[in-house]
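Letter by letter, the chains look like this.
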Amino acid sequence: MEELIEYILQFGNLNKQQIELVISKGQILQLKKEDYFSEAGKIPKQVGFIVEGVIRGCYYNNKGEEITRCFITENSLVCDYVNFEANASSSEYLQAITDCSLIVFSKKNWEELSHIIVGWDNIKNKMVQLCMYQKSRKGPVISHDATTRYLEFLDNYPSLTNRVSLSYIASYLGVTQQSLSRIRKNIR
C-alpha cells in the first residue's frame, strides 16, 4: 500500500485519516499471467494500481488480429476509465502479461472516496489523466520504419524487453516476430 500512497501524494495532499480511508477501500488482487483485469464486451468494474507486474491493453482489429496498444507497468493506475465512469461495455482487453499484484477499488469504494475526502476529485482527476495518457498509444508512429519504432519502444519501455513476450512487442510495433528478431539482431 505504501507505493499507492506515494503515488497518490504526487497529485495532492492527504492527512493521516484520509490516507487510512483510502487504504481501507483498496483490496489486494493477484492476477496470473494471461488473466484479464477487464475484458471487451464487459463493463469495467474496478480501478487498479499496479504494485508488481505488467498489463497490456489490446483489441482485435477487423481482420480478427490481436493488436497490443499499450503496456502499463508498476506504479501506474490501470483502468478503462471512460467506460468505467460511463458504466459502458469496454472495447478492449486489459490483460496481465506477467504475474501481477494490484490494489483495486470497486466502483462503489472509488466513488465513496469522492464523497468523503475533500479534494479527492482533484487528485483523482490528475491520476486519471496520467492513466489515460499512459494508455493512449504513445508508441510507434506507423509512418516510421520498424527499426525506429523499436528504438522508440526501447525509450518508452526500457524495462520491458526481457519481461514480456516478443509476440506482444511485435504486435505493438505492427511487425512480425521474424521482423522483430531481425531488427534486434541488427541493433546489437
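Small disclaimer: the values here were computed from a predicted structure and weren't measured. (Residues numbered from 1 in each chain as written. Predicted model: local features only at pLDDT ≥ 70, side-chain atom pairs only at ≥ 80, totals over all residues. Heavy atoms only, no water.)

A. Structural view of the pairing of strand β5 (residues 66-72). Burial of β5 is extensive: six of the seven residues sit out of reach of the surface. Connecting strand β4 (residues 55-60) to the antiparallel partner β5 that follows it, the hairpin turn spans five residues, and Gly 64 within it adopts a positive phi of roughly 80°. (Buried < 20%, exposed > 50% of the residue type's maximum accessible area, 1.4 Å probe, protein only. Helix = DSSP H or I, 4+ residues; strand = E, 2+ residues; numbered from the N terminus. Pairing = 2+ DSSP bridges.)

B. Representation of the nonpolar core within the structure. Membership of the largest hydrophobic core comes to 28 residues, with the highest contact counts inside it found for Phe 37, Ile 55, Phe 71, Val 78, Leu 102, Phe 153 and Leu 173. Those elements that place two or more of their residues in this core are β5, β7 (93-96), β8 (100-106), α6 (146-156), α7 (166-173) and α8 (177-187). With five residues, α7 is the largest single contributor of residues to this core. Among residues more than four places away in sequence, those in contact with Phe 153 are Phe 71, Pro 158, Leu 160, Thr 161, Ile 169, Tyr 172 and Leu 173. (Core = buried A, V, L, I, M, F, W, Y, C linked by side-chain atoms within 4.5 Å. Contact = heavy atoms within 4.5 Å.)

C. Region of interest: the packing of aromatic side chains. Under the definition given, this model contains 14 aromatic pairs. With a centroid separation of 5.2 Å and an interplanar angle of 50°, the aromatic rings of Tyr 7 and Phe 49 are classed as tilted. Highlighted residues: Tyr 7 in helix α1 (residues 2-9) and Phe 49 in strand β3 (residues 46-52), separated in sequence by 42 residues. For the residue pair Tyr 7 and Phe 49, the accessibility class agrees, reading buried in each case. Judged by centre distance (5.5 Å) and plane angle (45°), the ring pair of Phe 153 and Tyr 157 falls under tilted. As far as the burial class goes, Phe 153 and Tyr 157 line up, both buried. One aromatic cluster is present, formed by Phe 71, Tyr 150, Phe 153, Tyr 157 and Tyr 172 through successive ring pairs. A cation sits over an aromatic face here: Lys 107 above Phe 84, 4.5 Å from the ring centre. (Phe/Tyr/Trp six-rings, centres within 6.5 Å; stacked < 30°, edge-to-face > 60°. Lys NZ or Arg CZ within 6 Å of the ring centre and 35° of its normal.)

D. Main features of the environment of Ile 28. Relative to the elements of secondary structure, Ile 28 occurs in strand β1 (residues 27-31). Residue contacts for Ile 28: discarding those within four places in its chain leaves Met 1, Ser 101, Leu 102 and Ile 103.

E. Layout of α7. The buried fraction of α7 is high, at six of eight residues. Within α7, burial applies to Tyr 168, Ile 169, Ala 170, Ser 171, Tyr 172 and Leu 173. On the buried face of α7, the contacting elements are β4, β5, β7, α6 and α8. Gly 174 lies just past α7 and shows a positive phi near 75°.

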